[in-house]
Amino acid sequence: MTQYDFSSFDGLDTVDSFEENTFESEHRLMAGAGVAVIDSDQAVRDYLVGLFEGSVDTAESLEDFETQRHGGSCVVVLGPSCARQEDFDTVALWGKRYPNIATVLVTSELTTQLLHRALRVGIKDVISAPIDQQQLIDTVDRIAEDLPSGDSLTSYSSGIDPVDPDGGELGRVISVFSTKGGSGKSVTASNIAVALARRSKKPVVLIDGHLQFGDIAVMLKLHPESTVADAIAQIDALDADMLNNMMAVHEQTGLRVLAAPVEPTFADKISGQQMARLIEIVRTFAGHVIVDLPAIFNDVVLNVLEASDQMLLVAGLDIPNIKNVKIGLATLALLNIPNENIHLVLNRSDSKVKLDLAEVERTLGVVAAAHVPSDIVVPISVNKGSPVVLSAPKSGVARAFEQLASSFIDGDAAAEPSSNGGFRKFFG
Ligand SMILES: Nc1ncnc2c1ncn2[C@@H]1O[C@H](COP(=O)(O)OP(=O)(O)O)[C@@H](O)[C@H]1O
Ligand SMILES: [Mg+2]
């Protein structure tokens, strides 16, 4: 077992910080959430607290933390002593009770099984020893950004039965993911979806899986009447026709879009299992299903990734991006997502920060499926609500996305894009 490097702590002689802590002056993140560390071992608590700047709440157990907490948003770092089943059960309960608490697990040994168990109960991320301080802080910051403020109660629906496809050929599910926000996932997802919709004979559906802050509808200038939240609310009764009626249509291409919920808090009511079910229904009638995701490993993302045939992993070309991709690839390997299903999209690949592409590919151990140049046409297209493949079709960015989209159409790579989407043809 890997051991923590405790060389930097002298915690055993100090007073138990839990007793002293008033829960008043905690470490505040940019997003306004506090940080707390829970572990039964004081040495471990002190070590973890020492990795953060400012004051951090501490508790010996999840029960203690729950009793003492003051109700504000908080990212809770669970130490290795909190990986028992009863702790995981408590975390699952917290997920239902406290949408403004998020948990991260620190473990001395990361196994596929532990990662699965943790993500399934709603732990946002698992970090293994030796702990990279910056990685822990980045992770906690990223999770804090997605936390709502204040307490509100949510209810989860019960589990659902696996879908029973009617024997027809199922559509291909392509998820778009990254390990860092702002790397170009939504730009990639909207362009690929539009490019596929113009080429594909069957309907193409784009689902905004960034349930809290999805911006697919804006990027396509759509004003959807229904969202993922409406579809999930009826998930047990949902069929292809109902779902079809709920989706917004991108007039120019026929792309069908299921937009993100309008309220970020709706995301808390949607489970990974429900998202997986939604995808299963969509793929019974769509040729391609593209799912745009947030840059985080959570239950919803895990389930979408598991339901995906292919994954586009989008990364910017700077050192933090590449470092995070490397960590992300290791996590994906633990989740048993085969490397051959992961297609790296290097975005802004000609940016001023000159990194050697070949060197990056060597470092990551994957060959990039697409190199998307950095171009002002992208922010212009985002602001216009018209993807680059439509608004600047001659640009290098559009060509890169068109080429990538072609690779997802079996034996049809040379098909000319049509301006009228395949969807209408399919549904008559
Ligand atoms: N190739 C590019 N060239 C120039 N700007 C880009 C490019 N890709 C993305 N951007 C800019 O970065 C912003 C973030 O992209 P987005 O797709 O929303 O990221 P993510 O979904 O990963 O958070 C976009 O609004 C866009 O203006
Ligand atoms: Mg996005």
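The rules behind the values
Think of each chain on its own: its residues are numbered from 1, step by step along the sequence as written. The naming scheme follows written order: chains are lettered A onward, ligands numbered 1 onward. Since the coordinates come from a predicted model, pLDDT governs what is reported: local features require at least 70, and pairs of side-chain atoms require 80 or more to be given and counted, while whole-chain, interface and lining totals use all residues. What counts as a helix is a DSSP run of H or I of at least four residues, what counts as a strand is a run of E of at least two, and both are numbered from the N terminus. Exposure criterion: with C-beta atoms placed from backbone coordinates, a residue whose C-beta has 20 or more other C-beta atoms within 10 Å is buried, one with 12 or fewer is exposed, and one in between is partly exposed. Once C-beta atoms have been placed from the backbone, residue pairs whose C-beta atoms lie within 7 Å are recorded as contacts. By the convention used here, strands pair only if DSSP detects at least 2 bridges between them. In this analysis, axes come from line fits to C-alpha atoms, helices being fitted only over the stretch in contact, and the angle between any two N-to-C directions falls in the range 0 to 180 degrees. Throughout this description, a residue near a molecule or strand is one whose C-beta atom, derived from the backbone, lies within 6 Å of it. For this classification, the nonpolar set comprises Ala, Val, Leu, Ile, Met, Phe, Trp, Tyr, Cys and Pro, the charged set comprises Asp, Glu, Lys and Arg, and every other residue, Gly included, is treated as polar. Should an angle fall under 35 degrees it is called roughly parallel, over 145 degrees roughly antiparallel, and 65 to 115 degrees roughly perpendicular, with every other angle called oblique. Take the far helix as your reference; a near helix turned counterclockwise from it by less than a right angle gives a left-handed crossing, and one turned clockwise gives a right-handed crossing. Each residue carries a pLDDT score, the predictor's own confidence in it, on a scale running from 0 to 100. By definition, a nonpolar core groups buried Ala, Val, Leu, Ile, Met, Phe, Trp, Tyr and Cys residues that connect through C-beta atoms lying within 7 Å of each other. Domain borders in the structure are assigned automatically or taken from a domain database.

1. Structural notes on the overall build of the chain
Summing up its helical and strand segments, the chain has 18 helices and 13 strands in all. Scored against the burial criterion, the 428 residues of the chain give a buried share of 46%. Taking the contacts inside the chain whose residues are at least 6 apart along the sequence as the reference set, 78% of them involve residues at least 24 apart.

2. Some details on the sheet that holds strand S8 (residues 248-250)
Backbone hydrogen bonds are what pair the strands of a sheet, in a parallel or an antiparallel way. Pairing is mixed in the open sheet, where eight strands are placed in the order S8-S9-S7-S10-S6-S11-S12-S13. Every interior strand has two partners, whereas the edge strands, S8 and strand S13 (368-372), have only one. Taking each pair of neighbouring strands and ignoring which way they run, the sheet shows an average axis angle of 25 degrees. Each of strand S6 (172-177), strand S7 (204-208) and strand S10 (288-292) is contacted by helix H11 (residues 272-282), which is oriented at about 155 degrees to S10, the strand it contacts most. Lying over the sheet, helix H13 (residues 319-334) contacts strand S11 (310-316) and strand S12 (342-347), oriented at roughly 155 degrees with respect to S11.

3. Thoughts on the site of ligand 1
Neighbouring ligand 1 are 17 residues; Lys185, Ser186, Val187, Val378 and Pro379 lie closest to it. Contributions of two or more residues to the shell around ligand 1 are made by helix H7 (185-199) and helix H15 (377-384). For the shell around ligand 1, the per-class residue count stands at six nonpolar, eight polar and three charged.

4. A few points about the sheet that holds strand S1 (residues 34-38)
Strand order in the open sheet made by the five strands is S2-S1-S3-S4-S5, with parallel pairing throughout. Each edge of the open sheet is held by one strand with a lone partner, namely strand S2 (57-59) and strand S5 (125-128). Between one strand and the next, the sheet's axes are offset by a mean angle of 25 degrees, whatever the strand orientation.

5. Side note on the packing of H7 against helix H17 (residues 396-406)
Close contact between H7 and H17 brings their axes to 9 Å; oriented N to C, the two are set at 60 degrees. Judged by the angle between their axes, H7 and H17 are oblique. Relative to H17, the crossing made by H7 is right-handed. Contacts between H7 and H17 involve Asn191, Ile192, Ala195, Leu196 and Arg199 from the first element and Phe401, Glu402, Leu404 and Ala405 from the second. A per-class count over the contact of H7 with H17 returns six nonpolar, one polar and two charged.

6. Side note on the confidence of the model for the chain
Taken over all residues, the pLDDT of the chain has a mean of 83, while the share at 70 or more is 83%. In this model, residues 150-167 is a region of pLDDT below 50 whose contacts with residues beyond four sequence positions or in other chains number 30 contacts. Note that residues 411-428 has pLDDT below 50 and, in this model, 34 contacts with residues that lie over four places away or in other chains.

7. Some remarks on the nonpolar core
Membership of the largest hydrophobic core comes to 116 residues, with the highest contact counts inside it found for Val75, Val77, Ala193, Val257, Leu313 and Phe401. Two domains share this core, each providing at least three of its residues, namely domain 1 (11-145) and domain 2 (172-427). For Leu313, the contacting residues outside a window of four places in its chain are Phe177, Ser178, Val325, Ile342, His343, Leu344 and Val345.

8. Structural notes on unusual backbone geometry
Pro130 follows Ala129 through a cis peptide bond whose omega is 0 degrees. Summarising the element assignment, Pro130 is placed in the loop between S5 and helix H6 (133-145). Its identity as a non-glycine residue notwithstanding, Lys221 has a phi of 50 degrees, on the positive side. Mapped onto the elements, Lys221 comes out in the loop between helix H8 (216-219) and helix H9 (228-233). What makes Lys221 partly exposed here is the crowd of 13 C-beta atoms within 10 Å. In the Ramachandran plot, Asn336 falls in the positive-phi region, its phi being about 65 degrees despite a non-glycine side chain.

9. Quick look at the pairing of S6
With six of six residues buried, S6 is to be regarded as a mostly interior element. Note: S6 against S10, five bridges, orientation parallel. In the strand pairing of S10, Ile174 is matched with Ile290. Two strands pair when backbone bridges link them, and S6 and S11 are joined in this way by four bridges, in the parallel orientation. Across the sheet, residue Val176 finds its bridge partner in S11, namely Leu312.

10. Observations concerning the packing of H13 against helix H14 (residues 357-364)
It is at 10 Å that the axes of H13 and H14 come closest, and there the two elements cross at 30 degrees. Judged by the inter-axis angle, H13 sits roughly parallel to H14. Handedness of the H13/H14 crossing: right-handed. Residues Ile322, Val325, Lys326 and Leu329 of H13 form the contact with H14, whose own contacting residues are Val360, Thr363 and Leu364. Its residues assigned to classes, the contact of H13 with H14 comprises five nonpolar, one polar and one charged.

11. Quick notes on the environment of Ala267
Inspection of the secondary structure puts Ala267 in the loop between strand S9 (255-258) and H11. Sequence separation between Ala267 and His210 is 57 residues; the distance between their C-alpha atoms is 8.7 Å. The residues touching Ala267, leaving out its near neighbours within four places in the chain, are Leu211, Gln212 and Pro261.

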